[in-house]
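Summary of the model geometry
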Amino acid sequence: MADNPLYYGGSSSPLYYGSSSRGGPAYHFQGNYGGYGAYGAYGSYGAYGSYGMYGSNGPSGNNGEEGSLIGSFSLSRIIRVVSQRWLSVFVFILIGLIVAFAVYRISPTVYEASSEISLDLRRSSGASNSALDQATPDYGSNYEEIFNTRKPDWTSEKIVGMILKQYRAENPSSVTTDEELIEILSTSELEIVRRSRLIRIIVRAPSPRLCAALANAYAKAIDKFTEEENKIRCDKAVSQIHINVTKQRKAADEAAKKLYDFRTANKVDNLRSTRDTLQQTLQKATSDILALSTEKTQLAEWEKMLAQVKKDPTTYGSLAVNVPRAQEIAAEFKSYQDAEGDYQKLLFAYTENHPEVLEKKKAAELLKQRFIDAAARALLTGRSTLQVVSNQLAVLEVRQKELRNELSTVADRIVLAESGLESLERDAEAQNRVLTDLLLEENKARIEAQSNNEIVRVGRRATEPEKPILPDPLLIFGAGAFLSISLGVLFVLVMDNLEDTVVNLSDIEGRLSLRVLAVFPHVQRKKREEVAKVLVEDRYSQFAEAVAGLRNLLDSPRYEPLSHCLLVISTQPGEGKSITSTSIAIAYAQSGRRTLHVDFDMRRPQLARIWGVDIDESRSLSHTLQNATKDMPDFASLVNKTNVDNLDVIVSAAPNGVSPATIFGSSVVSQFFEWARRNYDRIIVDSPPYGLVGDVLSLAAMVDSVMIMCCPDRTRFKPIQHCSRCLTEMGANIIGVVVNDIDVASASVFSPIEKGRRRYGYGSYYYSQKKVGRADEDAELSGESKDFSDEE
């Protein structure tokens, strides 16, 4: 037994697929380490170990983007990974929102209120070096410089004390301590409003009323602080002028006192008051005399008129209203005239002795007498009034003379007193004039100083805010969502990069840039031979339909030139390479093409067992190629017929004494392929796994195209990437990948529909009706071929 080839490990014979250790399958190693030992192909120093072909220091080690923790960073990869691992991202988002909610709940509530003050600083025009200019500090040339210069003063301890005092005055019932207020004020802000003279005072506090009250107190405190500084600055600027004003006011007061003392001693003011009183009395007496004289003259004229009327009533005309008994006389005269008029009318109508005429004459005489009596009474009254007026006029004339004499005496006394008072009044007036000029000068200087000072006014009072600024739910939850999504995406990218196995179709086409040709479902068979021949046993199964779809795709115009000689490879054992090559060969044979199935896996041949062929070394492909001479061997003698029409197989026996490296280094392999191309329509080649040996590279250069097998959750990215890169560099035509052994339950993952493209997994080729005839099957398969042609 020691001389026979071992497939599953010994300790001292050539090993092909040993399994004595934990590593992956190894090919043809000598020594005491089995194929799965620590130094096997998949061990730590094997082809997939840390120093092997796919290790960290191998050709496909973690270099460049593959060496980073998250791998390549692109939008398509992010979308793919997030769509695959959305649950992990969702968990991160959920955790982030929970943390954000906790932060929102425990964060203190902060309100913000702001008040505004207006700032103005006026400078006197022109250059001078006066006391005003020396007293006025230089805060800057623009408002921003002034604000930055004054800001330390407006945040000093003095202003804080004024703010606290103002706040206590406006809010006497507040229970907030000074320490708390000072802490709040330490976080307050002063900022100048852009392109304006406004300064905004921003205060943040846990209470809306507190922050508004502090903002208003702050504004008033700055106003008072600036006003006090302005007053001190103005007093300093006009100090010398104020001294002169004080001296002059004292001199003016002394002159006024001298004048007052002189007037008091000489009673000048009393004399002047007496003179004024006498003048007023004299003027009244003179006006009364004039009025009485006028009245006396009128009464005298009325007396003459009444005396004449009494003698001759016909001379009566009219009397002034103010004549005594003027209305009574006028009424009697009118009655007399009416009676006389009636008498004359009767006399014209009748004779003088007519009774009515006599009676009317008598009545007229009576009324005339009454008129004369009224005039007599008015005359007596007028004479009495004239006498009274004459007496009053005489008295007033005497009083007028006395007043004139007394006024003359007082005037003489005043003239004597004013002779010394005039000089004192001139001196006092001069002192007052000088004092007025100095006061005007002081006021002018003060106004000029104030115009050079800061003018701060409260522009807008703060109001109580309705909503707090902190915690901000939009900011907290937005930041939480953003950070959680970012961390979640980063996490799934890292996990995706660390997980080297192929998971779905997007992994193959996205990360490997290889086209998925077909997806084969998992077949419930115990033996490999049964799985390989499922197309013969059940032509209408899901697996058979998937293989038929792949056959139609390879027969499409795009792939037909590349499908005459097809090499099926894998990166590691157990990925279904032999089963897939067998199924494709059966599918081609069933379509009527002469098909040759060749076993070039010379280290672990499988096709003889799959097809049940009993051969010896004389009919073994590997031994025939090994023993070939210069003449071309008879390859036709190696052909084995199968129970499938149009399908022949050439198998290899156990690798006893066979050196694959020697075989592939000779030209006999090329001669074999030339013979096969001449005699068969399709050639399907089963090869050893790539990466374990170099046979695949030699075979890939001799076939038309290469098909790579992939088994999800088993095939790794780095080996298949290395395989694809090396084969491409060798000039091989890699037409795509066949995904094998897919569970029907996960079919949706391996048959996605992408926008703008149709992609077919194995589900596209399943039919539940197994009793469909051959004609129906051919029609369906030709329709599927059209779909693949359109897709490609």
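All figures in this text were calculated on a predicted structure; none of them were measured in a lab.

Thresholds, definitions, all that
- Residues numbered from 1 in each chain as written.
- Predicted model: local features only at pLDDT ≥ 70, side-chain atom pairs only at ≥ 80, totals over all residues.
- Heavy atoms only, no water.
- Helix = DSSP H or I, 4+ residues; strand = E, 2+ residues; numbered from the N terminus.
- Buried < 20%, exposed > 50% of the residue type's maximum accessible area, 1.4 Å probe, protein only.
- Contact = heavy atoms within 4.5 Å.
- Areas by Shrake-Rupley, 256 points an atom, 1.4 Å probe, with all protein chains shown as cover.
- Phe/Tyr/Trp six-rings, centres within 6.5 Å; stacked < 30°, edge-to-face > 60°.
- pLDDT = per-residue confidence, 0-100.
- Core = buried A, V, L, I, M, F, W, Y, C linked by side-chain atoms within 4.5 Å.
- Patch = residues over 30% accessible without salt bridge, like charges linked within 9 Å, V, L, I, M, F, W, Y side chains within 5 Å.
- Salt bridge = Lys/Arg side-chain N within 4 Å of Asp/Glu carboxyl O.

1. Here we look at the overall build of the chain
Scanning the chain from N- to C-terminus turns up 24 helices and 12 strands. Across the 792 residues of the chain, 44% fall into the buried class. Considering only residue pairs separated by 6 or more positions, the chain has 73% of its internal contacts joining residues 24 or more positions apart. In the structure as shown, the chain presents an accessible area of about 41700 Å², 53% of it carried by carbon and sulfur atoms.

2. Comments concerning the packing of aromatic side chains
Overall, the coordinates contain 11 aromatic pairs when judged by the stated rule. Ring geometry for F92 versus F491: centroids 5.1 Å apart, planes at 40°, classification tilted. In this pair, F92 is assigned in helix α2 (residues 86–106) and F491 in helix α12 (residues 473–498), connecting sequence segments 399 residues apart. Here F491 falls in the partly exposed class, since its relative accessible area comes to 35%. Taking the centre distance of 5.8 Å and the plane angle of 50° together, the rings of Y104 and F477 count as tilted. One end of the pair, Y104, is in helix α2; the other, F477, is in helix α12, and 373 residues separate them in sequence. The partly exposed category is assigned to Y104, whose relative accessible area is 28%.

3. Quick look at the confidence of the model for the chain
When pLDDT is averaged along the chain, the result is 77, and 79% of the positions lie at 70 or above. For the stretch residues 1–65, pLDDT sits under 50, and the model shows 176 contacts to residues farther than four places along the chain or on other chains. Below a pLDDT of 50 lies the segment residues 746–792, which in the model reaches 83 contacts outside its immediate sequence neighbourhood of four places, other chains included.

4. Quick word on the nonpolar core
In a soluble, globular protein the nonpolar side chains are often hidden away together inside. Among the nonpolar cores identified, the biggest contains 51 residues, and F600, F672, F673 and V706 are the most heavily contacted of them. Per-element tally for this core: the top contributor is helix α21 (residues 668–679), with six residues. If we skip the residues at most four places from it in the chain, F600 touches L621, L625, F664, V669, F672, F673, V685, D686, S687, P688 and L699.

5. Concerning a nonpolar patch on the surface
Together, W86, L87, F90, V91, L94, I95, I98, V99 and V103 line one region of the surface with nonpolar side chains, adding up to about 850 Å² of accessible area. By secondary structure assignment, the location of L87 is in helix α2.

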